[in-house]
Amino acid sequence: MKIGWIGLGNMGIPMAGNLLVAGYEVKVWNRTPSKAEPLLAQGATLAGSLAELAECDIVFTMVSDDEAVKAVYTGPDGLLTSGARGTLAVDMSTVSPQTSRYLAEQCRQAGFRFLDAPVSGSVGPAKEGKLVIMVGGDESDYTQVKPLLDKLGKLALHLGPNGAGTSAKLAINLLLGITVQGAAETLLFARSMGIEAEQMLTIIRESAVGTPLIRGKEASILADNYPAAFALKHMAKDLRLAREEGVSTPLAESAAACYRAALEDGLGDLDVMAILRFLDRQ
Ligand code: NA7
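Criteria and cut-off values
Residues numbered from 1 in each chain as written. Predicted model: local features only at pLDDT ≥ 70, side-chain atom pairs only at ≥ 80, totals over all residues. Heavy atoms only, no water. Helix = DSSP H or I, 4+ residues; strand = E, 2+ residues; numbered from the N terminus. Rg over C-alpha atoms; globule rule 2.2 N^0.38 Å. Buried < 20%, exposed > 50% of the residue type's maximum accessible area, 1.4 Å probe, protein only. Contact = heavy atoms within 4.5 Å. Areas by Shrake-Rupley, 256 points an atom, 1.4 Å probe, with all protein chains shown as cover. Lys, Arg positive; Asp, Glu negative; His and termini not counted. Charge placed at Lys NZ, Arg CZ, Asp CG, Glu CD. Pairing = 2+ DSSP bridges. Near = heavy atom within 4 Å. Polar contact = N/O pair within 3.5 Å; in protein donor to acceptor, adjacent residues only side chain to side chain. UniProt positions renumbered as here; feature names shortened; annotations may be inferred. Expected span 1.5 Å × (residues − 1). Arc of directions from axis to C-beta. Right-handed = clockwise from strand over helix to strand, strands pointing away.

Visitor: Just checking my understanding: could you explain the overall build of the protein for this structure?
Guide: A count of helical and extended segments in the protein gives 13 helices and 9 strands. In summary, the protein has a C-alpha radius of gyration of 19 Å against a globular reference of 19 Å for 282 residues, a match within 12%. Counting across all 282 residues of the protein, residues that qualify as buried make up 49%. Intrachain contacts of the protein at a sequence separation of at least 6 include 65% that bridge at least 24 residues. Within the structure as shown, the protein displays about 12800 Å² of accessible surface, and the carbon and sulfur contribution to it stands at 53%. Placing the 26 positive and 32 negative side-chain charges of the protein at their respective mean positions leaves the two points 2 Å apart.

Visitor: Would you take a moment to explain the pairing of strand E6 (residues 113-116) for this structure?
Guide: Consecutive side chains of a regular strand alternate in pointing toward one face of the sheet and then the other. Sheet topology places strand E5 (residues 88-91) next to E6; 4 bridges connect them, and they run parallel. Of the residues in E6, the one forming a bridge with Asp91 is Asp116.

Visitor: Hey, could you run me through the site of the ligand in this one?
Guide: Contacts to the ligand come from 19 residues, most closely from Asn30, Thr32, Lys35, Ser64 and Lys237. Note that an oxygen atom of the ligand is positioned 2.8 Å from one of the backbone N or O atoms of Asn10. Asn30 is positioned such that a nitrogen or oxygen atom in its side chain is 2.7 Å from an oxygen atom of the ligand. Contributing elements (two or more residues each) for the shell around the ligand: helix H4 (66-74) and helix H11 (232-244).

Visitor: Quick question: what am I supposed to make of the UniProt feature "domain: 3-hydroxyisobutyrate dehydrogenase-like NAD-binding" (unreviewed entry) in the protein here?
Guide: The UniProt feature table records "domain: 3-hydroxyisobutyrate dehydrogenase-like NAD-binding" (unreviewed entry) at residues 163-279. Within residues 163-279, the helical portion is 74% and the strand portion 0%, while the C-alpha atoms at the span's ends are 34 Å from each other.

Visitor: Can you walk me through helix H5 (residues 97-110) in this structure?
Guide: Counting along an α-helix, one turn takes 3.6 residues, and residues three or four places apart therefore face a common direction. Along its 14 residues, H5 runs 20 Å from first to last C-alpha, staying within 8% of the 20 Å computed at 1.5 Å per residue. Among the residues making up H5, those that are buried are Pro97, Thr99, Ser100, Leu103, Ala104, Cys107 and Ala110. The buried residues of H5 occupy an angular sector of 155° when the element is viewed end-on, so they sit on one face. Opposite the packed face of H5, turned more than 90 degrees from it, sit the exposed residues Gln98, Arg108 and Gln109. The secondary structure elements touched by the buried residues of H5 are H4, E5, E6 and helix H8 (164-192).

Visitor: Any chance you could explain the pairing of strand E1 (residues 2-6) here in plain terms?
Guide: For E1, the tally of buried residues reaches 4 of 5 residues, placing the bulk of the element in the interior. For the crossover from E1 across helix H1 (residues 12-21) to strand E2 (residues 25-29), the handedness is right-handed. Judged from the 4 bridges that link them, E1 and strand E4 (residues 58-61) form a sheet pairing that is parallel. In the sheet register, Ile3 faces E4, and the bridge partner there is Ile58.

Visitor: Would you take a moment to explain the environment of Cys107 for this structure?
Guide: Along the chain, the position of Cys107 falls in helix H5. Separated by 113 residues in the primary sequence, Cys107 and Ser220 place their C-alpha atoms 41 Å from one another.

Visitor: Please clarify how unusual backbone geometry should be interpreted in this entry.
Guide: A negative phi angle is the norm for most residues apart from glycine, just as the trans form is the norm for most peptide bonds. Here Asp224, not a glycine, exhibits a phi torsion of approximately 50°, which is positive. Relative to the helices and strands, Asp224 is located in the loop between helix H10 (212-223) and H11. The class of Asp224 is partly exposed, set by a relative accessible area of 42%.

Shown next as structure tokens:
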């Protein structure tokens, strides 16, 4: 089976790498081709164009946002210009459910099949093959790709028609955004009353609200250093997309505004936990 992989950012590199480790033949494409180097060293081959990848049996896409994914599929030199027939395209990017349904229709018209299959989990779980994968689309397409999803994640769930995967992803990331901001506010609140971060992190870790998420951020918080495992700009995007779906709950509104302000303050390329630095500045 020939596998194509489009998008070699923080997530795409370790995920495509896991397919190589599992023994699959993987051909890759990235807008900035130099980012493919680590995968070429692992045995991947580099595609000269997006259209070349349509000859693969399954093509994964893992790019930033709605604009990027539309450029890759329906842009002037995009995947769908190739005229290939029957290729299964699996979009693992986080985009709006509306965009997933649009891409599914564009794929259908071009003779491709399409699944939306975004993931929960950042760079660590991506490297370890422990992502949670939420899938929308035809069940038979899901069944075909499931063995590969099992190399990328610890759990893959088929949730319904196209758009169901991205809908579930926006929901889980709403909880992620609220949890991270909640932890940041808790630490600042504690500090204002003389409880230092190290002590408060210990209390959170040992309490019922301690989560692997916050545990994984402890070193960053204590060092005030936020290399992106999941970039803040993506969190701001996901909360914006949730609102565009008509979700309007009190915490969703508040978190969307807060992450947007942090993005405008220049923190977008840092990890989502940098919301702490933003709130501290306020
Ligand atoms: P990154 O590390 O920001 O990587 C984004 C990728 O998307 C990277 O390969 C980019 O190529 C690519 N990209 C961005 N815009 C375009 C356009 N217009 N055309 C083609 N390719 C593009 O994101 P992550 O890997 O952390 O996350 C990926 C998704 O998972 C995202 O939806 C998250 O919300 C969850 P570049 O290397 O810049 O040329």
